[in-house]
Amino acid sequence: MMEKVGGLKARIEETKRRLGEKLLILAHHYQRDEIVELADFRGDSLELSRRAAESDARWIVFCGVHFMAETAAILVRPAQRVLIPREDAGCFLAHSVDPVQLRDAWKQLSQVLDVERELLPVAYVNTSAAVKAFVGARGGACCTSSSARQVLAWALERSPRVFFLPDQYLGRNTARSLGIPEEEIVLWDPHHPPADLSRYRQARVILWRGACNVHVRFLPQDVDRVRREHPGAQVVVHPECRPEVVARADEVGSTSYIIRTVQNSPSGSSWAVGTEQRLVARLAAENPDKTVFSLGDPPPYCAYMSLTRLADLAEVLAGLPLGEERGLVEVPEEVRAGAASALNRMWEAIGAGG
Ligand code: SF4
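Since the structure is predicted, the reported quantities are computational estimates derived from the model, not experimental observations. (Residues numbered from 1 in each chain as written. Predicted model: local features only at pLDDT ≥ 70, side-chain atom pairs only at ≥ 80, totals over all residues.)

Enquirer: What is the right way to read the sheet that holds strand E12 (residues 270–274) from this model?
Expert: Strand pairing within a sheet occurs via backbone hydrogen bonds; the two strands may be parallel or antiparallel. The four strands lie next to each other as E11-E10-E12-E13, forming an open sheet whose pairing is parallel. Edge strands, defined here as strands with exactly one partner in the open sheet, are strand E11 (251–252) and strand E13 (291–294). By the bridge criterion, four bridges tie E12 to E13 in an arrangement that is parallel. Residue pairing in the sheet places Val273 in a bridge with Ser294 of E13. Docked against the sheet, helix H13 (residues 277–286) engages E12 and E13, running at close to 165 degrees with respect to E13. (Pairing = 2+ DSSP bridges. Helix = DSSP H or I, 4+ residues; strand = E, 2+ residues; numbered from the N terminus. Contact = placed C-beta atoms within 7 Å. Axes fitted to C-alpha atoms, helices over the stretch in contact; angles between N-to-C directions.)

Enquirer: Help me out: how do you make sense of the domain arrangement of the protein in this one?
Expert: Interface size is commonly expressed as the accessible area that is lost once the parts come together. Per the domain assignment, the segments making up the protein are domain 1 (5–89 + 305–323), domain 2 (94–211 + 337–349) and domain 3 (215–294). Taking only C-alpha atoms into account, the centre of domain 1 sits 28 Å from that of domain 3. If you look at the interface, domain 1 gives nine residues, while domain 3 gives seven residues. The residue makeup of the side of domain 1 that touches domain 3, split by class, is two nonpolar, three polar and four charged. (Domains from an automatic or database assignment. Nonpolar A, V, L, I, M, F, W, Y, C, P; charged D, E, K, R; others polar.)

Enquirer: How do you make sense of the site of the ligand when you look at a structure like this?
Expert: Taken together, 13 residues sit near the ligand, with Cys91, Phe92, Cys212, Val214 and Cys302 positioned nearest. Here the residues of the shell around the ligand are counted per class, giving ten nonpolar, two polar and one charged. (Near = placed C-beta within 6 Å.)

Enquirer: What should I look at first to understand the packing of helix H7 (residues 129–137) against helix H15 (residues 333–349) in this one?
Expert: Across the interface, H7 lies against H15 with an axial gap of 7 Å and an inter-helix angle of 65 degrees. The angle between the axes of H7 and H15 places the two elements in the roughly perpendicular class. Note on packing geometry: the crossing formed by H7 with H15 is left-handed. Residue-level inspection shows Ala129, Ala130, Lys132, Ala133, Val135, Gly136 and Ala137 of H7 in contact with H15, the latter providing Val335, Arg336, Gly338, Ala339, Ser341, Ala342 and Leu343. By residue class, the composition of the contact of H7 with H15 is nine nonpolar, three polar and two charged. (Parallel < 35°, antiparallel > 145°, perpendicular 65-115°, else oblique. Left-handed = near helix turned anticlockwise from the far one by under 90°.)

This is the structure we're talking about:
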């Protein structure tokens, strides 16, 4: 018979008490409420990777998706261990690029560009460690949604062209915000590369054709509907949304930006939010003096973020007193070093040091 929620929570809390500062539980904003409630810290990708890097805990249990836990494993010290309660928690966007496709794209673009000298890769953190390592080995950097603008600006100061991957919408929205003209933003479709590659010579930003299957579901007509049905409501969206949605919104920013914007708005204000539904529902619950609802109808959930349940967290924690590291995330050293250099360049680009 399945263990009851109360019993699972009690077991998790008991292990937390027992291990004290040796244990750090991190939860992404899109996780289920019961997981977020038990975490020591909740945040977006940037905040969580920073927490992991600064922590002295022996075990960091990462409730999120795999690339996030992998990023934490790259940043922590050798004696620290990162564990993920659901090893199958992937990311649709991260799966849209692999190192073989990337190497292939690089090779094809080398027919028309001196790729080593005039093309700098920038990888969204929503990528595997192997993709980050490819980027790091070529002098490129990682970015998160909250650091994308600073990292893209940093890269464009160093190179005439940037290969931004894998989120085409984050890339286009960010390039537009930096004033890059449309004709200088060119898409790269890894499944259908064009026969004529000459147009990439005109590009300043080349975008990998990937997208998040949660944020892609918000459409321009959703914004139009909200404007019609909720006059006075403001629209705030994540930059992984389509550019046509971003163009119609009042505000655009990372999950942390969205949270701050709603929290700091005056009592009585009304917000249609274009991001993952668990965050939107939590925002609504935590801001009872405001009206907060999803921009989408129906509101989209991330299937991968939904995988982690209390029983999974309890299972990982149960192994620790027994000396078992269940759900251990390991990154081979040769991959770790390259990926770490790409992540460290992100800190450099945003002026945060190493
Ligand atoms: S919301 Fe999108 S980008 Fe985030 S983990 Fe889910 S699929 Fe990946």
